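In case you want the letters, here they are:
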Amino acid sequence: MDYKIGELVPTRLAYGQALAELGAANKQIVVLDAEVKNSTYAELFAKAFPERFFEMFIAEQNMIGVGLGLSKCNKIPFVSTFAAFLTRAFDQIRMAAYSQPNLKICGSHAGVSIGEDGSSQMGLEDLAMMRALPGSTVLYPADAIATNKLVKLMADHSGLDYLRTTRPPTPVIYKNDEEFIIGGSHTLISSATDQLTIVAAGITLHQAIIAAEKLEKAQLPVRVIDAYSVKPLDVTGLQAAAQATNNLVLIVEDHRIEGGLGEAVAGSLAPLGIKIHCLGVDKIPGSGKADELMAYENISANAVVRMVKSLL
Amino acid sequence: MLELKEIARLVRYYILTCTTKAGSGHPTSSLSATDLMVGLMFNQFRLGFDRLIFSKGHASPLFYSLYAAAGLLKPEELYTLRKFGSAIEGHPTPKFKLAEVASGSLGQGLSVGLGMALNAKYLDKTSYLTYVLLGDSELAEGSNWEAMSLAAHYKLNNLIAILDVNRLGQANPTMHGWDLAAYEAKAQAFGWATKIIDGHDFNQIAPALSLAGTTASKPLMIIAKTIKGKGVSFLEDKDGWHGKALSEADYHLAIKKLGKINLGKTWTIKSAN
């Protein structure tokens, strides 16, 4: 798939497009979905390869077990539903982790940015859940290019891999030939005078970019890093950025503060003497527009600007 | 048939010995399913072709002892059960190479088996059969019923659940006890073919298992009435023995009750031709 810089594409749509693209070359790929394939966009694979798509209906626990069974038959199952509903299958995912699996899980509709549907539909604990498992890989793309590349990495990688996708469209920020690796990160904004590093992933990366542009105008240059590989984290890259920016790091994420990207970064960088601050979801969100909810939870560009000004 | 009875005695010997040596484990939950699994593995199963999932993973002493009786696991390896560093863990994991997945968190094995059956029927288009050993207590887990619905929807007549109705859970009797008709009504309502048997009578086990793969478009559930602790009179159908190994003294009494054991002998689980 080719995407144009600035084009608005939901990462969940890019997930379906990537699967449909991959399916032609890789016959081992099998896709399961819990009756939301028109929301996760697994339907794009289902339309292209109906013989390798299986509707699991609204039964997430069973779906994970079926995926594990298929992975034991030399298939590469990609299993999708809303990130929120994967939590009810955590025991199955946990047992998969102890089963030497090759299982690919996609949780869509992550975060408060889903908007109007409200708290029951928001995946806000999925990173914590997936990070906690032994041997898991946790990926969180911010745009369609990153999604496309990460889905391909997952297909080629053996293990329990999780991809977190976003409901609303986000602008394409990467070129089609940008490279992604498991355990990597990308520095999007940097200068020799950066005073702080903002680490973000997914939807909040775009808020961080807007914030950095505003801060630049206020003579407060900051570095912005896309930590698309939440686990394993690019500790070396983040450490270097932090040490070049007053040992000061701010994470902004659309996930509960507990167990998300912020705590992943803190766990790796705090022992190195780096000061870590986190902006994440810590209230009970409700319905509203994505922008309203991100403002309410203090993960919007303006919230980032306020936080950076208070830190510098 | 005489041969299966002899194998079952050996398997029961291994179950009791490995759990007593370990000082813990689930011998009684293993003994209830012993005849069912001996009937499956030494009379029907095709090693390296058919698939077996022990959803009731706590019956791991039985799982390992079957392979010990088949000469695929040395007794000295079996006797590392539950020891630090052993592949023969308290509940099976793929550290033991004949365990396909980790099990023991109940209500999950049928879903895994469903995935394998789905693969055989629709993807690889091959004729292996997938057998899942279920405990009666674990049918309280809703995830089983998710799998039951979906297996019928996909017409997986290559998926066979073997339900070990030993009546007793960990802390108390199950909701249905030995009401096999209750299980049958539920399974049939979910679109499954069923067969009720005495799970300790090889004359019933073999014909029931031979239905595997023959049920036109329905998965098959063999609903077997069993006795927890079967083979050791002072353990049989007794509450309070779940997850407990025998003392040395009780162990020696129990072994005597099994009858003649031919320890040096191994038996073949046939391979697919």
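Computed from a predicted structure; not experimentally measured.

Draft legend 1. Molecular detail of the overall build of chain B. On a plain count of helices and strands, chain B comes out with 9 helices and 5 strands. Principal-axis analysis of the C-alpha atoms places the extent of chain B at approximately 50 × 40 × 35 Å. The buried share of chain B, taken over its 273 residues, is 54%. A separation threshold of at least 6 residues defines the contact pool for chain B, and within that pool the share at least 24 residues apart is 78%.

Draft legend 2. Spotlight on the overall build of chain A. Check the secondary structure of chain A and you find 13 helices and 14 strands. Since a compact globule built from 312 residues should have a radius of gyration of about 20 Å, the 18 Å found for chain A is in line with a globular shape. Seen along its three principal axes, the alpha-carbon backbone of chain A occupies a region of about 55 × 40 × 35 Å. Put simply, chain A has 312 residues, and 60% of those count as buried. Restricting to contacts in chain A with at least 6 residues of sequence separation, those with at least 24 account for 78%.

Draft legend 3. Molecular detail of the environment of B:Ser143. Mapped onto the fold, B:Ser143 is located in helix α6 (residues 142-153). For the pair formed by B:Ser143 and B:Ser111, sequence separation is 32 residues and the distance between their alpha carbons is 7.9 Å. Dropping the residues within four chain positions of it, B:Ser143 is found in contact with A:Gln61, A:Asn62, B:Gly107, B:Gln108 and B:Ser111.

Draft legend 4. Broad picture of the domain arrangement of chain A. Residue and element names in this part refer to chain A. Along its sequence, chain A is organised into domain 1 (8-171) and domain 2 (186-306). The C-alpha centroid of domain 2 is placed 25 Å from the C-alpha centroid of domain 1. Taken together, the contacts link 28 residues of domain 1 with 29 residues of domain 2. Mapped onto the side of domain 1 that touches domain 2, the elements with two or more residues apiece are α7 (126-131), β6 (137-139), α8 (144-156) and β8 (170-171). Its residues assigned to classes, the side of domain 1 that touches domain 2 comprises 15 nonpolar, 9 polar and 4 charged.

Draft legend 5. The interface of chain A and chain B, seen in detail. Listed per partner, the contact involves 22 residues of chain A and 21 residues of chain B. Mapped onto the side of chain A that touches chain B, the elements with two or more residues apiece are α4 (60-71) and α6 (90-97) of chain A. For the side of chain A that touches chain B, a count of residues per class yields 11 nonpolar, 8 polar and 3 charged.

Draft legend 6. Structural view of the sheet that holds strand β3 (residues 53-55) of chain A. Residues and elements named next belong to chain A. Ordered by their spatial adjacency, 7 strands build an open sheet running β3-β2-β4-β5-β7-β6-β12, and the pairing between neighbours is mixed. Each edge of the open sheet is held by one strand with a lone partner, namely β3 and β12 (229-231). Pairwise comparison of adjacent strand axes, ignoring direction, gives a mean angle of 20° for this sheet. Sitting on the sheet, helix α1 (residues 11-25) touches β2 (29-33), β4 (76-82), β5 (103-108) and β7 (160-164), and the angle it makes with β2 is about 145°.

Draft legend 7. Molecular detail of the sheet that holds strand β9 (residues 186-189) of chain A. Residues and elements named next belong to chain A. Reading across from one edge, β9-β11-β10-β13-β14 is the order of the 5 strands in this open sheet, with mixed pairing throughout. Because the sheet does not close on itself, it has two edges, and the strands there are β9 and β14 (275-281). Each adjacent strand pair in this sheet contributes to an overall mean axis angle of 25°, direction not counted. As defined by bridge partners, strand β10 (residues 197-200) adjoins strand β13 (residues 248-256) across 4 bridges and the pair is classed as parallel.

Draft legend 8. Representation of the packing of α1(A) against α8(A) within the structure. All names here are of chain A. The interhelical angle for the contact between α1 and α8, taken along N-to-C directions, is 45°, at an axis separation of 8 Å. Judged on the interaxial angle alone, α8 and α1 are oblique. In this structure, α1 crosses over α8, and the sense of that crossing is right-handed. Across the interface between the two elements, Thr11, Ala14, Tyr15, Ala18, Leu19 and Leu22 of α1 pack against Ala144, Thr147, Asn148, Val151, Lys152 and Ala155 of α8. The class makeup of the residues in the contact of α1 with α8 is 8 nonpolar, 3 polar and 1 charged.

Draft legend 9. Structural detail: the confidence of the model for chain B. Overall, the predicted model of chain B reaches an average pLDDT of 97, with 100% of residues at or above 70. In the model output, the complex is listed with pTM 0.97 alongside ipTM 0.97.

Draft legend 10. Focus on helix α13 (residues 301-311) of chain A. Residues and elements named next belong to chain A. For α13, every residue scored as buried is listed here: Ala301, Val304, Val305, Met307 and Val308. The buried residues of α13 all sit within an arc of 170° when viewed along its axis, so they share a single face. In α13, the exposed positions angled more than 90 degrees off the buried face are occupied by Lys309 and Ser310. Packed against the buried residues of α13 are β10, α9 (203-217), β13 and β14.

Draft legend 11. Fine view of the nonpolar core. Judged by nonpolar contacts, the single largest core of 194 residues is most densely connected at A:Leu19 and A:Ile198. With 9 residues, helix α1 (residues 2-22) of chain B is the single largest residue contributor to this core. Counting only domains with at least three residues in this core, you end up with domain 1 (8-171) and domain 2 (186-306) of chain A.

Draft legend 12. Looking closely at the environment of A:Val30. Its location among the elements puts A:Val30 in strand β2. Sequence separation between A:Val30 and A:Gln195 is 165 residues; the distance between their C-alpha atoms is 47 Å. If we ignore the near neighbours within four places in the chain, the residues touching A:Val30 are A:Arg52, A:Leu70, A:Lys75, A:Ile76, A:Pro77 and B:Leu123.

Draft legend 13. Representation of unusual backbone geometry in the model. All names here are of chain A. Of note, the amide linkage connecting lysine 231 to proline 232 takes the cis form, showing an omega dihedral of -5°. Relative to the helices and strands, proline 232 is located in the loop between β12 and α10 (235-244). Despite not being glycine, glutamate 35 has its phi angle at roughly 65°, a positive value. Assignment of secondary structure puts glutamate 35 in the loop between β2 and α2 (37-40). Of note, the phi angle at asparagine 246 is positive, near 65°, even though the residue is not glycine. Here asparagine 246 lies in the loop between α10 and β13.

Cut-off values and rules
- Residues numbered from 1 in each chain as written.
- Chains lettered and ligands numbered in written order.
- Predicted model: local features only at pLDDT ≥ 70, side-chain atom pairs only at ≥ 80, totals over all residues.
- Helix = DSSP H or I, 4+ residues; strand = E, 2+ residues; numbered from the N terminus.
- Buried ≥ 20, exposed ≤ 12 C-beta atoms within 10 Å, placed from the backbone.
- Contact = placed C-beta atoms within 7 Å.
- Rg over C-alpha atoms; globule rule 2.2 N^0.38 Å.
- Domains from an automatic or database assignment.
- Nonpolar A, V, L, I, M, F, W, Y, C, P; charged D, E, K, R; others polar.
- Pairing = 2+ DSSP bridges.
- Axes fitted to C-alpha atoms, helices over the stretch in contact; angles between N-to-C directions.
- Parallel < 35°, antiparallel > 145°, perpendicular 65-115°, else oblique.
- Left-handed = near helix turned anticlockwise from the far one by under 90°.
- pLDDT = per-residue confidence, 0-100.
- Arc of directions from axis to C-beta.
- Core = buried A, V, L, I, M, F, W, Y, C linked by C-beta atoms within 7 Å.

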